[in-house]
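Inside the fold
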Amino acid sequence: MAISHSSHRNIHLPCLVFSRSRYSISLFLYVHIAQCVTICICILLLKPLFFYPREAGYYSFTKDAKLAPMFARFDYIIIGGGTSGCALAATLSQNASVLVLERGGSPYENPAATDIGNFATTLSNTSPKSWSQLFISEDGVYNTRARVLGGGSVLNAGFYTRAGDDYVKEAEWESGEVEAAYEWVEEKVAFQPPVMGWQTALKDGLLEAGEFPYNGFTYDHINGTKIGATIFDQAGHRHTAANLLEHANPETLAVYLHATVHKILFTTKGRPRPKAYGVIFQDANGVLHKAELAKIATNEVILSAGAIGSPQLLMLSGVGPMAHLTAHKIKPVVLDHPMVGQGMGDNPMNAIFIPSPTPVEVSLIQVVGITKHNSYIEGASGVIFSYSWTRNYFDGVLNYLNEMQTSRTNTSTTFSTQSITDFFKSIHPLLSATTKAGLILQKVAGPVSRGHLELRNTNPNDNPSVRFNYYQEPEDLKKCVEGITTIIKVINSKAFAKFKYPDGTIHGLLDLILSIPTNLRPRHVTSVFDLRQFCIDTVMTIWHYHGGCQVGRVVDKNYKVLGIDGLRVIDGSTFLKSPGTNPQATVYGTKDSSRETTIYHLWKERNNRFHSNSVRPPVQIIKDISLQLRSKLFSLDRETTNLRRPVTLQTQQQQQTFLSIWFDRVQV
């Protein structure tokens, strides 16, 4: 039907009517309303860039795996939402769809549990659904695996320090990119600690012991005495790797909790070697789900399950020593990879417990002495000691040992638990207090001593068998003796006199630590007088274990698994030795810390494929779009300046010209 001339007299838009009547609004007002509408539309369209989650814990992309679809495709699949996995997800999601599969829960379910005052309680809670999974190495040393979003950063003592320059050089990383990666992390999670009385005495005692120079507060790994950073803020609240997900793009990221990956899927169809193309994971109800990579050749599965989980999952997926996989009836054997699980290392720790006649603050690691003999001296004070959680922890140890009897390997060690029984006979069940005491420890750098990991069974929820061979190499034992000697000098220093009983002796302090079941190793009467034997008898972990998928042995310098396409390992399992006094910062920094190896370059590759040869960080993209938008709106305003008269004075053709200009100019 033909439209009559009168039907053109009004132009109808939502909420606006333009007519030739005397009540019509001016074109000037229309322009500015149109600009506001334009901005609103652009904000909605650019929501993934402008409105990333602002507060940790309120993540729309984090869900229980029971809500996951039975099948889905993503550009990247990250196995493990730990310290490295969260950093990877935050960066990769800027430019790709990303799936993160975390076997544990969320730290935001119980925020108080991560506060500094609850450090020991949370770490020692090894109940079946806790964040801390107990394992005992074949060396007879208690240890812990994290099973929570944020990984070890949710459980550790919070110390934050960078790797040394020598470490970066040996790893052949680009120093500028390493620096940028550290700064990216530090902006979100690193703080200067409030150094109080006990920690000040430790600092001054180290200087008296000759650990010069004093380097003050610094992130850097430098010989001498320094104050390092912490992931606890001034109020004692912990900031974990999960906080880095505030940087993530919620439109392209999916994080599933309580999602246990059973195996990585490989294909050899039409290929000279295997390629990873997906994973099978199980939710808490036992339902299996499948996730595959989108059909783009450079998409990848990224294994970030930690130094225990990553080599274990490779083996369960058919990548490892053929004889070992065959013995566990793993089919198919995708690739005979004899170095998977080899080179396991754990920096040995030995400590001296020092009761104090005066109250001490609650503090975790703040001050560190980086000695010339490659032993690191650190300390903590005001340990919260409770009979109940101590009893629960050791009950967990006993239960674990009983369970391990059913899955013993040929190399399994039988341990005596008599020391635990004797210990609980000597303490009062009603004891529950903040102790007036401190703990000074030494950590051996490196280490040189190495062990291996092997499967106990094919259940991904169970711990594999691990042996670290603490102090097998004389070089490591020598470092320990020198470290303990430095601790003794600190205890005997004038600066530390206030925090030790005047009639206390070093032999008495050594005997005290020997009486505590810090491990399941036998004690020797000579340990009080022989520091070498003391180191062997009282060795503990500082939770810095690494290896199993080492660079040059299991993965190349780009962290791609040797002999397999579409699969990288990015976590502490790739380390040849532990970086700095604490590896936390470097594991965080794997988001973009080296050459073509990690996520900066994965992100750049994808940016090149879909955009251009230049890489623009998300913040720069936002700035560029904002400038374009302002420029277009300014141009629109200028081009319509001469039309700012009442609409009643304009012809229909002028109105249509304006609309054409408006729709043309607002396109971004």
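What counts, and at which threshold
- Residues numbered from 1 in each chain as written.
- Predicted model: local features only at pLDDT ≥ 70, side-chain atom pairs only at ≥ 80, totals over all residues.
- Heavy atoms only, no water.
- Helix = DSSP H or I, 4+ residues; strand = E, 2+ residues; numbered from the N terminus.
- Contact = heavy atoms within 4.5 Å.
- Areas by Shrake-Rupley, 256 points an atom, 1.4 Å probe, with all protein chains shown as cover.
- Pairing = 2+ DSSP bridges.
- Axes fitted to C-alpha atoms, helices over the stretch in contact; angles between N-to-C directions.
- Buried < 20%, exposed > 50% of the residue type's maximum accessible area, 1.4 Å probe, protein only.
- Polar contact = N/O pair within 3.5 Å; in protein donor to acceptor, adjacent residues only side chain to side chain.
- UniProt positions renumbered as here; feature names shortened; annotations may be inferred.
- Patch = residues over 30% accessible without salt bridge, like charges linked within 9 Å, V, L, I, M, F, W, Y side chains within 5 Å.
- Salt bridge = Lys/Arg side-chain N within 4 Å of Asp/Glu carboxyl O.
- pLDDT = per-residue confidence, 0-100.

Looking only at helices and strands, one finds 18 helices and 30 strands in the protein chain. A sequence separation of at least 24 residues applies to 73% of the contacts in the protein chain between residues at least 6 apart. Of the roughly 28,800 Å² that the protein chain leaves accessible, carbon and sulfur atoms contribute 56%.

Time to look at the sheet that holds strand 28 (residues 465–467). The strand order across the open sheet built from three strands is 20-27-28, with neighbouring strands paired in antiparallel fashion. Where the open sheet ends on each side, the last strands, each with one partner, are strand 20 (342–344) and strand 28. When the angles between neighbouring strand axes are averaged without regard to direction, this sheet yields 35 degrees. In this structure, strand 27 (residues 451–454) lies alongside strand 28, joined through three bridges in antiparallel fashion. Note that in strand 28 the partner of E454 across the bridge is S465. Along the sheet face, helix 8 (residues 306–316) touches strand 20, strand 27 and strand 28 and points at about 50 degrees away from the line of strand 27.

Within the secondary structure, S93 sits in the loop between helix 3 (83–92) and strand 6 (98–101). A relative accessible area of 0% means that S93 is categorised as buried. Polar side-chain contacts of S93 include one of 3.0 Å to the backbone nitrogen of N249. In this structure, S93 is in contact with V98, A248, N249, T252 and L253, ignoring residues within four places of it in sequence.

Spatially, the seven strands line up as an open sheet ordered 10-11-22-23-26-21-29, and their pairing is mixed. The two strands at the open ends of the sheet, each matched to only one other strand, are strand 10 (214–217) and strand 29 (540–541). The pairing of strand 22 (residues 367–370) with strand 23 (residues 375–381) spans three bridges and is classified as antiparallel. Along strand 23, the bridge assignment pairs G369 with I377.

According to UniProt, the feature "domain: Glucose-methanol-choline oxidoreductase N-terminal" (unreviewed entry) maps to residues 306–320 in the numbering used here. Between the C-alpha atoms that bound residues 306–320 the distance is 16 Å, and the span itself is 73% helix and 13% strand.

The grouping of M70, F71 and V287 at the surface amounts to a nonpolar patch, some 270 Å² of accessible area in total. Along the polypeptide, V287 turns up in the loop between strand 15 (275–282) and strand 16 (288–293).

Counting buried residues in helix 3 gives 10 out of 10 residues, a clear majority hidden from the surface. Those residues of helix 3 that sit buried are T83, S84, G85, C86, A87, L88, A89, A90, T91 and L92.

Glancing now at the pairing of strand 22. In strand 22, alternate side chains face the same way, and those of V367 and G369 on one face and V368 and I370 on the other are all buried. Taken together, the four bridges between strand 11 (residues 224–227) and strand 22 define a ladder with antiparallel strand orientation. Looking across to strand 22, one finds that I227 is bridged to V367. Hairpin connection from strand 22 to strand 23: four residues lie between these consecutive antiparallel strands, with N374 at a positive phi of about 65 degrees.

Topologically, S375 is positioned in strand 23. Of the polar contacts made by the side chain of S375, one reaches the side chain of Q442; its length is 2.8 Å. When sequence neighbours within four positions are dropped, the list of residues in contact with S375 reads G369, I370, Q442, K443, K479 and G483.

To continue, consider unusual backbone geometry. The amide bond that connects K331 to the next residue, P332, takes the cis arrangement and shows omega of -10 degrees. Mapped onto the fold, P332 is located in the loop between helix 9 (322–327) and strand 19 (335–336). In the segment running from G446 into P447, the intervening peptide bond is cis, with an omega of -10 degrees. Here P447 is to be found in the loop between strand 26 (437–444) and strand 27. Despite not being glycine, H258 shows a phi value in the positive range, around 55 degrees. Mapped onto the elements of the fold, H258 is located in the loop between strand 13 (253–257) and strand 14 (260–267). In this structure H258 comes out as partly exposed when scored by relative accessible area, which is 28%.

One pass over the structure, following the stated rule, counts 15 salt bridges. Between R162 and E179 there is a salt bridge whose closest N-O contact spans 3.0 Å. With R162 in the loop between strand 9 (159–160) and helix 5 (165–170) and E179 in helix 6 (residues 175–189), this pair connects stretches of sequence that are 17 residues apart. Classification of R162 by relative accessible area gives buried; the value is 9%.

Its place among the elements puts D511 in helix 13 (residues 506–514). Classification of D511 by relative accessible area gives partly exposed; the value is 45%. D511 sits 18 residues away from F529 along the chain, and the two C-alpha atoms are 9.7 Å apart.

Predicted confidence across the protein chain gives a mean pLDDT of 83, with 77% of residues reaching 70 or more. Residue range residues 1–25 is modelled with pLDDT below 50. Its contacts to residues more than four positions away, or to other chains, number 30 contacts. In the predicted structure, residues 591–668 sits below a pLDDT of 50 and forms 146 contacts with residues beyond four places in sequence or in another chain.

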